[in-house]
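Residue-level structure breakdown
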Amino acid sequence: MVAVAITPEHFGLDHDSELLRFSTAGSVDDGKSTLIGRLLYDTKTAFEDQLQHVEDVSRRRGDVRTNLALLTDGLRAEREQGITIDVAYRYFATKKRKFIIADTPGHVQYTRNMVTGASTAALSIVLIDARHGLVEQSRRHAQIAALLRIPQLVFAVNKMDLVGWDEARFRQIEAELREVVTRLDVHDFVVIPISALTGANVVERSTEMPWYAGPTLLHHLETAPVATDRNLSDARFPVQWVIRPQSPESEDAHDYRGYAGQVAGGVLRAGDEVVVLPSGVTTRIAKIEQHGVTVEAAVPPMSVTIHLEDNVDVSRGDLIARPHNAPVVSQALDAMICWMTDKPLAPRGRYALKHTTRWTRAIVDEITFRLDVNTGEQVAADGLGLNDLGRVKLRTTTPVIFDPYARNRTTGSFILVDEATNTTVAAGMLL
Amino acid sequence: MLLFSGGKDSIILLRLAEKAFRPARFPFPLLHVDTGHNFPETLVYRDRRVAELGERLIVASVQDSIDRGRVTEERGPRASRNRLQTTTLLDALEEHQFDAAIGGARRDEERARAKERIFSHRDEFGQWDPKQQRPELWSLYNGRVKRGEHLRVFPLSNWTELDVWEYIRLEQIPLPEIYFAHRREVFERDGMYYAANPYVQLLPNEAIRTETVRFRTIGDMTCTGAVRSGARTLDEVIAEVAAARVTERGATRADDRFTEAAMEDRKREGYF
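Residues numbered from 1 in each chain as written. Chains lettered and ligands numbered in written order. Predicted model: local features only at pLDDT ≥ 70, side-chain atom pairs only at ≥ 80, totals over all residues.

1. Notes on the overall build of chain A
Here is the rule: Under the scheme used here, helices are H or I runs from DSSP no shorter than 4 residues and strands are E runs no shorter than 2 residues, and both carry numbers assigned from the N terminus. Three exposure classes are used, all based on how many other C-beta atoms lie within 10 Å of a residue's own C-beta (placed from the backbone): buried at 20 or more, exposed at 12 or fewer, and partly exposed between those limits. The contact criterion used here is simple: two residues whose C-beta atoms, placed from the backbone, lie within 7 Å are in contact.
Looking only at helices and strands, chain A has seven helices and 23 strands in total. Burial statistics for chain A: of 431 residues in total, 45% are counted as buried. In chain A, of all internal contacts separated by at least 6 residues, the share reaching a separation of at least 24 is 70%.

In structure tokens:
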């Protein structure tokens, strides 16, 4: 067998440097769908049949201009009401990069969709209407982006055409944003004045705002670093599947026992001493392979099969780590959660909990506080309702093997599921 | 169960399943919903690929559904079995008590599909409710269903048509030959070329002629159009896809053209 050094670039399509996943959030009528339509249109990603369709519908509805928002609003109800209800995923590419957009609705009742879109994003664009400046929703969007630890934030101050391309107005909003951001744990953010309607500073540099010297929105998206949230220091391998051929076709397969999964952190190499959790048994990595080809090292987000030197007991849901850098193994969890369903979270509530590849059951021991997402205040609460964010203490029936979310977004996140309806009711970030 | 049609997206699913489960067998069978109106080349490919993999294939036949009176054949020159497939699929899910169907649909294909979850819930009638979808966070998929319900699972959700072709090239995956340019007898209808076939009646103004075409998608012969193309190799196809100005379904699928929300309507009923 040939040993090949493999880098994340070799792994499928999730190229490290070439793919940026970003989410967009804004209030109703901030022009978010128009902005995305503009990005698709100006990068010539929107196809002729889609544009023809949008033009036809715009004309039928009596819109003055072609309504680019129709490029993204896909469901019948959305088109009828002119709003975005659900997260929509859009794809476009330039010569420099591929992009995946999670377009999320801005209204308070759709906070859960914003959290959903933000959970996989490396960058988030928050739209602000230049006429209205910072509103409650802008603060909430920034707060959620910070909570979900999206590495980079872009505030797009939209509708500059409607404030006469006024620099003073922009600077005032920029200063307010700076103040909001310093109170949040956000490290990397930019503020860009745009008009999604006219296209100013979206793809093409605006001639109306000579006072702005920064990048256009697209240029920023093309050059922003990606994968800055990827943890390369703590080796973490949640076992997803145990591969044991039941009817071996060859003698080779007879003793085959591989542990398949996606690397969640660090670098794993053949020969490394590892610990299997929760059992705590130590052994060494004998071999790492991808579809029968041996690889020297595995890093996130590679999906690989690991072989261990000793015949130890490993099942789905176990986690392989390094003995001197092991994650927390505990049945007591302290977490921030976003509540996503009508029926409120109550103390003593019981839920199914999924964390990495492991299911367990959890009971709510305490609601420590509710977070007012508009002010950042911590408020005493005896329940959490739809779209509320709050801190809770949970107890689980079996140990959870985790890192704080701030350290690793994969091993630090979980979902709660209602056992009666099987609906996902909460997103959780471990502290 | 994994839905395998012999089309390029489900061909990729098979490769991903090999990567996930080999050297063991897949922990699920393959299912083909056979309308009886397939391209013969697709069926040849399907059977060869299944034999190579040594996996189990279940064929659910729309003809059976018609014979058993579950559905009624459409009549006339525009008759298609496209919509009838939904019943055949739902019956197969129930008969085999499958709780998940892995499919090759992508979000870039169509407006309604852009809103779909990777693990997408179906109620006991097989229906999709786009307004009541489960939130899907990080890579934490919720695969829990009650008896009688099922999930549609779409691993290729975030792939684009170009991604699919580039992956086929990267992995050197063989395809049915009709994806590449070839001489074929076709007729023109609604601005699309259809393969001359025994299942469609020509309208009075339509005539058969020979063109050099290829297919961007492979569905039924009755509703899948071809595009004029000289792309005979993977590299030529990729160059053509990269330069394409019309979506693959817009160019070649009559089944999406009924109404503004044709796909959403069919998905609500339980279509792929």
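Let's pick the thread back up.
2. Quick notes on the overall build of chain B
Regarding its fold elements, chain B presents eight helices and ten strands. A principal-axis box enclosing the C-alpha atoms of chain B has dimensions of 50 × 45 × 35 Å. Counting across all 272 residues of chain B, residues that qualify as buried make up 46%. Of all intrachain contacts in chain B linking residues separated by at least 6 positions in sequence, the fraction that spans at least 24 positions is 74%.

3. With respect to the packing of helix H4 (residues 111-119) of chain A against helix H5 (residues 136-147) of chain A
Residues and elements named next belong to chain A. Where we set the bar: Comment: axis = line fitted to C-alpha atoms, over the contacting stretch for helices; angle = value between 0 and 180 degrees taken between N-to-C directions. Note on angle classes: values under 35 degrees are labelled roughly parallel, values over 145 roughly antiparallel, values of 65 to 115 roughly perpendicular, and the remainder oblique. Left-handed describes a crossing in which the near helix is turned anticlockwise from the far one by less than a right angle; the clockwise case is right-handed. Classes in brief: Ala, Val, Leu, Ile, Met, Phe, Trp, Tyr, Cys and Pro nonpolar; Asp, Glu, Lys and Arg charged; the others, Gly included, polar.
As a packed pair, H4 and H5 sit with axes 10 Å apart at the nearest point and diverge in direction by 40°. Between H4 and H5, the angle is such that the two are oblique. For the crossing formed where H4 meets H5, the hand is right-handed. From H4, Met114, Val115 and Ala118 reach across to H5, where they touch His141, Ile144 and Ala145. Residues belonging to the contact of H4 with H5 are distributed by class as follows: five nonpolar, one polar and no charged.

4. So, the domain arrangement of chain B
Many structure descriptions define interface size as the accessible area lost when the parts assemble. All names here are of chain B. Just so we agree on the cut-off: Domain limits in this description derive from either an automatic procedure or a database domain assignment.
Assigned domains of chain B: these are domain 1 (2-160 + 260-269) and domain 2 (173-256). Contributions of two or more residues to the side of domain 1 that touches domain 2 are made by helix H1 (8-21), helix H2 (40-53) and helix H8 (262-269). Looking at the side of domain 1 that touches domain 2 residue by residue, the class counts come to six nonpolar, eight polar and six charged.

5. Brief notes about the pairing of strand E2 (residues 88-93) of chain A
All names here are of chain A. Condition: The rule for pairing is simple: two strands pair if DSSP sees at least two bridges between them.
Burial within E2 is extensive, with five of its six residues counted as buried. As paired strands, E2 and strand E3 (residues 98-103) are joined by six bridges and run antiparallel to one another. Bridge pairing in E3 places phenylalanine 92 opposite phenylalanine 99. Counted between consecutive antiparallel strands, the loop separating E2 from E3 contains four residues.

6. Section: the sheet that holds strand E1 (residues 19-25) of chain A
Residue and element names in this part refer to chain A. Here six strands make up an open sheet; going across it, the order is E2-E3-E1-E4-E5-E6 and the pairing mixed. Every interior strand has two partners, whereas the edge strands, E2 and strand E6 (188-193), have only one. Adjacent strand axes in the sheet meet at a mean angle of 25°, parallel and antiparallel pairs treated alike. In this structure, strand E4 (residues 123-129) lies alongside strand E5 (residues 152-158), joined through seven bridges in parallel fashion. By the bridge assignment, aspartate 129 is partnered in E5 with asparagine 158.

7. Observations concerning the nonpolar core
For clarity, the cut-off: Note on terminology: a nonpolar core is any set of buried Ala, Val, Leu, Ile, Met, Phe, Trp, Tyr and Cys residues joined through C-beta atoms within 7 Å.
Counting 113 residues, the largest nonpolar core has Phe155, Ala156, Val157 and Ala426 of chain A as the members making the most contacts within it. Apart from the residues within four sequence positions on either side, valine 157 of chain A is in contact with Ile128, Ala130, Phe170, Ile173, Val191, Ile192, Pro193 and Ile194 of chain A. Residues Phe4, Ala60, Leu151 and Val153 of chain B belong to the second largest nonpolar core, which totals 43 residues.

8. Concerning the interface of chain B and chain A
Between chain B and chain A, the contact holds 37 residues from the first and 41 residues from the second. For the side of chain B that touches chain A, the element with the highest residue contribution is H1 of chain B, accounting for four residues. Here the residues of the side of chain B that touches chain A are counted per class, giving 16 nonpolar, six polar and 15 charged.

9. Description of H1 of chain B
Residues and elements named next belong to chain B. The condition is simple: A helix is expected to span 1.5 Å for every residue after the first.
Helix length check: H1 (14 residues) gives 20 Å between terminal C-alpha atoms against 20 Å at 1.5 Å per residue, within 8%. Listed as buried for H1 are Lys8, Asp9, Ser10, Ile11, Ile12, Leu13, Leu14 and Ala17. Contacts from the buried residues of H1 go to strand E1 (2-3), H2, strand E4 (100-102) and helix H5 (161-171).

10. Remarks on the confidence of the model for chain B
Residue and element names in this part refer to chain B. Stated precisely, the cut-off is as follows: Note on scores: pLDDT gives the predictor's confidence for each residue, bounded by 0 and 100.
Chain-level statistics for chain B give a pLDDT mean of 88 and a share of 94% at 70 or above. Per-residue pLDDT, averaged within each element of chain B, yields its smallest value for helix H7 (residues 248-252) (65) and its largest for E1 (97). Per the prediction output, this complex has pTM 0.88; the corresponding ipTM is 0.87.

11. Overview of unusual backbone geometry
Residues proline 300 of chain A and proline 301 of chain A are joined by a peptide bond in cis, for which omega reads 0°. Relative to the assigned elements, proline 301 of chain A resides in the loop between strand E14 (297-298) and strand E15 (303-308). Note the cis peptide between arginine 22 of chain B and proline 23 of chain B, where omega equals 10°. We note that arginine 149 of chain A has phi near 55°; this positive angle belongs to a residue other than glycine. Position of arginine 149 of chain A relative to the elements: it lies in the loop between H5 and E5.

12. Here's the deal with the packing of H5 of chain B against helix H6 (residues 234-243) of chain B
Residue and element names in this part refer to chain B. One way to put it is that H5 packs onto H6 with a least axis distance of 10 Å and a crossing angle of 165°. Of the possible angle classes, the one that applies to H5 and H6 is roughly antiparallel. Crossing of H5 over H6 shows left-handed handedness. On H6, the residues touching Glu161, Leu162, Trp165, Glu166, Ile168 and Arg169 of H5 are Leu234, Val237, Ile238, Val241 and Ala242. Among the residues forming the contact of H5 with H6, the class breakdown is eight nonpolar, no polar and three charged.

13. A closer look at the sheet that holds strand E9 (residues 209-214) of chain B
All names here are of chain B. Taken in spatial order, the four strands close into a barrel running E7-E8-E10-E9, and their pairing is antiparallel. Between one strand axis and the next, the sheet turns by 70° as a mean value, whatever way the strands run. Bridge count between strand E7 (residues 182-189) and strand E8 (residues 192-195): four bridges; the pairing is antiparallel. Looking at the pairing, valine 186 lines up with alanine 195 of E8.

14. With respect to helix H1 (residues 32-42) of chain A
Residue and element names in this part refer to chain A. Counting buried residues in H1 gives ten out of eleven residues, a clear majority hidden from the surface. Of the residues making up H1, those classed as buried are Lys32, Ser33, Thr34, Leu35, Ile36, Gly37, Arg38, Leu39, Leu40 and Tyr41. Taken from the residues just after H1, lysine 44 is the one with a positive phi, measuring 55°.

15. Here we look at the environment of valine 276 of chain A
Residues and elements named next belong to chain A. Following the sequence through the fold, valine 276 ends up in strand E11 (residues 273-277). When the C-alpha atoms of valine 276 and proline 238 are compared, they prove to be 9.7 Å apart, with 38 residues separating the residues in sequence. Excluding anything up to four places from it in sequence, valine 276 contacts Val281, Val312, Val314, Asp318 and Ile320.

16. Remarks on the pairing of strand E12 (residues 281-290) of chain A
All names here are of chain A. The sheet contact formed by E11 and E12 spans four bridges and is antiparallel. The partner of valine 274 across the bridge, within E12, is threonine 283. A loop of three residues connects E11 with E12, the two strands running antiparallel in sequence, and glycine 280 in this loop sits at a positive phi of about 85°. Bridging between E12 and strand E13 (residues 293-295) involves three bridges; their strand directions are antiparallel. In the strand pairing of E13, glutamate 289 is matched with threonine 294.

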